[in-house]
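# Results of the structural survey
Each chain is listed here by its residues.
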Amino acid sequence: ITFTSGLIQLMEDEELAFVIGHELGHFLLGHGARQKPAAASIEGMMRQRSDEVSADRIGMLASSEENAAFRALIKISCGLETKRLRFDIGAYLEQIRSAYESSHQPTSDSTHPSLAIRCRALLWFQGSQKHREFNGLQGGESLKRIDELVLKDLERFVDGSAQKRIAA
């Protein structure tokens, strides 16, 4: 794994732990082992978006600080350092939700889900039984239920249009 000096400068230690965990997650889950030509298909793009959500989960587990994953994703998307940002994930998601409901239509040609989908997926994952168990807590939603919510978001905001293109 190679990181730019700019990324290392931008990230706090726990945010960098998320990024490293995310990239290691791709390796551990075998995401790079797939044939590349299939990755360029519509189905391949859909798979890659799901892969990003899975790698984000491992990144979150790699970081011991609860909100480091969200901060890292926001910093990566905008390139601003901590002192230039206000981290209010609830307000951020509400702002993005409003944009989606108006005119913003994400592209199905992207290998990465939008930042909003990734953050919502991580918020749900935080409440999962697996995440809570990893952190020595009890309770939480089943991972199956969390996956259903994530897939619903992916379908609503990106993959629904991709599925229509496949069916056509």
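Residues numbered from 1 in each chain as written. Predicted model: local features only at pLDDT ≥ 70, side-chain atom pairs only at ≥ 80, totals over all residues. Heavy atoms only, no water.

A word on the overall build of the protein chain. When you go through the protein chain residue by residue, the secondary structure sums to nine helices and zero strands. When the helices and strands of the protein chain are placed in sequence order, the string is α-α-α-α-α-α-α-α-α. Split into buried and exposed, the 168 residues of the protein chain put 38% on the buried side. Here the contacts in the protein chain between residues at least 6 apart in sequence split such that 68% fall between residues at least 24 apart. Total accessible area on the protein chain stands at roughly 9900 Å², and carbon and sulfur atoms take up 52% of it. (Helix = DSSP H or I, 4+ residues; strand = E, 2+ residues; numbered from the N terminus. Buried < 20%, exposed > 50% of the residue type's maximum accessible area, 1.4 Å probe, protein only. Contact = heavy atoms within 4.5 Å. Areas by Shrake-Rupley, 256 points an atom, 1.4 Å probe, with all protein chains shown as cover.)

The predicted model of the protein chain averages 85 in pLDDT, with 85% of residues at 70 or higher. Averaged over each element, pLDDT in the protein chain is lowest for helix α3 (residues 36-39) (59) and highest for helix α2 (residues 13-28) (97). (pLDDT = per-residue confidence, 0-100.)

Packing of α2 against helix α4 (residues 42-62) leaves a shortest axis separation of 7 Å and a crossing angle of 130 degrees. It follows that α2 is oblique to α4 by the angle criterion. Handedness of the crossing formed by α2 with α4: right-handed. For the pair α2 and α4, the contacting residues are Ala17, Phe18, Gly21, His22, Gly25 and His26 in the first and Asp51, Glu52, Ala55, Asp56, Ile58, Gly59, Met60 and Ala62 in the second. For the contact of α2 with α4, a count of residues per class yields six nonpolar, five polar and three charged. (Axes fitted to C-alpha atoms, helices over the stretch in contact; angles between N-to-C directions. Parallel < 35°, antiparallel > 145°, perpendicular 65-115°, else oblique. Left-handed = near helix turned anticlockwise from the far one by under 90°. Nonpolar A, V, L, I, M, F, W, Y, C, P; charged D, E, K, R; others polar.)

Turning our eyes to something else, we now look at the environment of Gly25. Looking at the secondary structure, you find Gly25 in helix α2. For the pair Gly25 and Ala62, spaced 37 residues apart in the sequence, the C-alpha separation amounts to 9.6 Å.

With that settled, the discussion passes to the pattern of salt bridges. Taken as a whole and judged by the stated rule, the model has ten salt bridges. With its nearest N and O atoms 2.7 Å apart, the salt bridge here joins Asp56 to Arg118. Residue Asp56 is located in helix α4, and its partner Arg118 is located in helix α7 (residues 115-126); the two are separated by 62 residues in the primary sequence. By relative accessible area, which is 1% here, Asp56 ends up buried. (Salt bridge = Lys/Arg side-chain N within 4 Å of Asp/Glu carboxyl O.)

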